[in-house]
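Structure assessment
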Amino acid sequence: MTHINDQDALVCKKSEFEARIRELQLGSYQAMPTLQEGHVDDAVTASSLLAKSRENLRLACDRLSIHPDVFEELKWPRETLSATLLIRMDDGSRRAFKSWRCRYNDRRGPTKGGVRFHSNVSLDEIETLAFWMTFKCAVANLPFGGAKGGVCVDTKKLSASELERVSRAYIEAFAPFVGPDRDILAPDMYTNGIVIAWMSDEYSSISGQASPSALTGKPLAFGGTHGRLDATARGGYYALRHLEASLSLDPDNATVAIQGFGNVGYHCAKLLHADGYRIIAISDSGGGVYDSSGLDPLAVMQHKHETGSVRGAKGHGKTKAISNAELLTIECDVLVPAALEQQITLENCEEISAKIILEMANGPVSHEADSKLSAKGHVIVPDILANSGGVTVSHLEWVQNRSGFYWDQSHVRDHLKKTMETETQAIWALHNEMAIPMRDAAYIHGLRRIAESVEARGTSAYFEDV
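This is a predicted model, so every value here is computed, not measured.

1. Observations regarding the overall build of the chain
- Across its full length, the chain holds 17 helices and twelve strands.
- In the chain, buried positions account for 58% of the 466 residues.
- Nonlocal contacts in the chain, meaning residues at least 24 apart in sequence, comprise 69% of its contacts between residues at least 6 apart.
- Carbon together with sulfur atoms contributes 49% to the accessible area of the chain, which is approximately 18,900 Å² in total.

Take a look at the structure:
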């Protein structure tokens, strides 16, 4: 695996930057080597997230009788880079932060994926998220492959200026690896508009030219798009609304519990609440609140702004404090995990009462729990469909940046709604036609598109016939 430090990655002249891009494309920077069967990497073990995701892929390939070349190509990331960011802190000391960028597969176009700042970020997580992103882009029928990046850092312990240094250092380290035609970055956990603005500014400085299409999720004044702020939540909302009749959901009588009250959880709660759904439980990293009479998302967010957590927020009736774990087992019609991976596992899946799980986080339901819940009749709207609204609108931002023509919010939302309804209907039809869980149907839906791209370049069957 290549390690690039921040000193080496800093390029001041455009000619030097372009030369390094050429070197990277020609292989001067070695990507993470492909591991053969029987070899075990410290970060990718049989129990890893990536291994479990690969098992989902294998099952989908088997169901479709996909050519073995396709599975062979998708087993491992195309490229993974690691860098150590050395940051000067406000007190004059220096701290080292591990960081990664993974380009999983680029058969359908330049790779696309967010950058997350979190203290628990790991190589396995980044590669797994890049794998999921590959399928998410295919499910949404976007001309992108999948990527993901991250820095192992607790942003709550950084000052604003320290956060800016980390953001810019990340781009310094990975500038030769990314770009508008190679790998497009976006916001993720604890990377908001200002962080993306710093990153975009740094990339333009290093490349020697304005490059707004190298990153999406930017503030409007920085080349962003209308409709991006709530795009991920709105996409899941459109998917659920499209399935209401099929799932016998009546918004005026349905109850919802939402784990995670960041950007996605808040906007999802706000949209569903406006349509008549009763939000009875909300939680964040500090704990949660439950009120059977209902909670107003706006009031809960106001409380969070004032106190730092949703704990203690008041609802319409008798409100009580609950933990994140308790929220997952609340009796409700729709459960929306919008926080971290692996929240619903074998340990707690038997206690899940919600018949519908809308995965707004990435991978909130473990592979084992997913199998058990699906067998018991729970409907899980999978993450690669439910939260694909963000990358769908990011694609529009990328297109607008490249064309210099910008659309209004209604145009963006109309496009998002049409995309989500089209792909949701296709996956629901596969779910019914093949009598398989929606997750399997979504993987199959995306895999067909990726397989077409791989097979178009020739498989072993083609060369045997030549």
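Additional details are given in the paragraphs that follow.
2. Describing unusual backbone geometry
- The phi torsion at tyrosine 190 lies on the positive side, around 60°, for a residue other than glycine.
- Summarising the element assignment, tyrosine 190 is placed in the loop between β5 (183-187) and α7 (193-207).
- Owing to a relative accessible area of 38%, tyrosine 190 belongs among the partly exposed residues under this scheme.
- Backbone geometry at glutamine 342 places phi at a positive 55°, although glycine is not the residue there.
- Here glutamine 342 shows up in the loop between β10 (334-337) and β11 (356-358).

3. A short note on the nonpolar core
- Counting 78 residues, the largest nonpolar core has Phe135, Leu240, Val336, Leu358 and Leu447 as the members making the most contacts within it.
- Those residues in contact with phenylalanine 135, other than ones at most four positions away along the chain, are Leu57, Leu74, Ile384, Tyr443, Gly446, Leu447 and Ile450.
- Within the second largest apolar cluster, 30 residues are counted, among which are Phe97, Phe117, Val151 and Val178.

4. Topic: the sheet that holds β10
- With mixed pairing, seven strands are arranged side by side in an open sheet as β9-β8-β7-β6-β10-β11-β12. The sheet is open, and its two borders are formed by β9 (320-322) and β12 (379-381), each paired with just one other strand. Direction aside, the axes of adjacent strands within the sheet are offset by 20° on average.
- Bridging between β11 and β12 involves three bridges; their strand directions are parallel. Bridging from a neighbouring strand, isoleucine 356 pairs with valine 379 of β12.

5. What about the pairing of strand β6 (residues 255-259)?
- Most of β6 sits out of view: five of its five residues are buried.
- Residues Thr255, Ala257 and Gln259 point to one face of β6 and Val256 and Ile258 to the other, with burial holding for every one of them.
- Taken together, the five bridges between β6 and strand β7 (residues 278-284) define a ladder with parallel strand orientation. Opposite isoleucine 258, over in β7, you have isoleucine 282 as the bridge partner.
- Note on the crossover from β6 through helix α9 (residues 263-274) to β7: the handedness is right-handed.
- With four bridges connecting them, β6 and β10 associate as parallel partners. Across the sheet, the residue bridging to valine 256 is valine 334, located in β10.

6. Concerning the side chain of serine 366
- With respect to the helices, strands and loops of the structure, serine 366 is situated in the loop between β11 and α12 (367-375).
- Setting aside anything within four residues of it in sequence, one finds serine 366 in contact with Gln342, Ile344, Thr345 and Leu346.

7. Description of the packing of helix α14 (residues 389-403) against helix α15 (residues 409-434)
- In contact at an axis separation of 10 Å, α14 and α15 are set at 135° when each is read in the N-to-C sense. It follows that α14 is oblique to α15 by the angle criterion. Where α14 crosses over α15, the handedness of that crossing is right-handed. Across the interface between the two elements, Gly389, Thr392, Val393 and Leu396 of α14 pack against Val412, His415, Leu416, Thr419 and Met420 of α15.

8. Regarding the packing of aromatic side chains
- All told, the structure shown has eight aromatic pairs when counted by the stated rule.
- Pairing tyrosine 237 with tyrosine 238 gives two aromatic rings, centres 5.5 Å apart and planes at 45°, and the pair type is tilted.
- Look at tyrosine 237 and you get buried, because its relative accessible area is 12%.
- Taken together through their ring pairs, the aromatic side chains of Tyr104, Phe131, Phe135 and Tyr443 make up a single cluster.
- Taking the ring centre of tryptophan 76 as reference, the NZ or CZ of arginine 54 above it sits at 4.1 Å.

9. Topic: the packing of α9 against helix α10 (residues 297-307)
- Axis separation between α9 and α10 bottoms out at 9 Å; the angle between their running directions is 155°. Between α9 and α10, the interaxial angle falls into the category roughly antiparallel. Note on element contacts: α10 touches α9 through Pro297, Leu298 and Met301, opposite Tyr266, Ala269, Lys270 and His273.
- Looking at the contact of α9 with α10, its residues break down into five nonpolar, one polar and one charged.

10. Considering the sheet that holds strand β2 (residues 94-105)
- As summarised here, the arrangement of the five strands in space is β1-β2-β4-β3-β5, forming an open sheet in which the pairing is mixed. Across the chains shown, the open sheet's two edge strands, defined by having one partner strand only, are β1 (79-88) and β5. The average angle at which neighbouring strand axes cross in this sheet is 20°, direction not considered.
- Note that strand β3 (residues 111-118) and β5 share five bridges and pair parallel. Its bridge partner lying in β5, glycine 114 is registered against alanine 186.

Conventions we followed
- Residues numbered from 1 in each chain as written.
- Predicted model: local features only at pLDDT ≥ 70, side-chain atom pairs only at ≥ 80, totals over all residues.
- Heavy atoms only, no water.
- Helix = DSSP H or I, 4+ residues; strand = E, 2+ residues; numbered from the N terminus.
- Buried < 20%, exposed > 50% of the residue type's maximum accessible area, 1.4 Å probe, protein only.
- Contact = heavy atoms within 4.5 Å.
- Areas by Shrake-Rupley, 256 points an atom, 1.4 Å probe, with all protein chains shown as cover.
- Core = buried A, V, L, I, M, F, W, Y, C linked by side-chain atoms within 4.5 Å.
- Pairing = 2+ DSSP bridges.
- Axes fitted to C-alpha atoms, helices over the stretch in contact; angles between N-to-C directions.
- Right-handed = clockwise from strand over helix to strand, strands pointing away.
- Parallel < 35°, antiparallel > 145°, perpendicular 65-115°, else oblique.
- Left-handed = near helix turned anticlockwise from the far one by under 90°.
- Phe/Tyr/Trp six-rings, centres within 6.5 Å; stacked < 30°, edge-to-face > 60°.
- Lys NZ or Arg CZ within 6 Å of the ring centre and 35° of its normal.
- Nonpolar A, V, L, I, M, F, W, Y, C, P; charged D, E, K, R; others polar.

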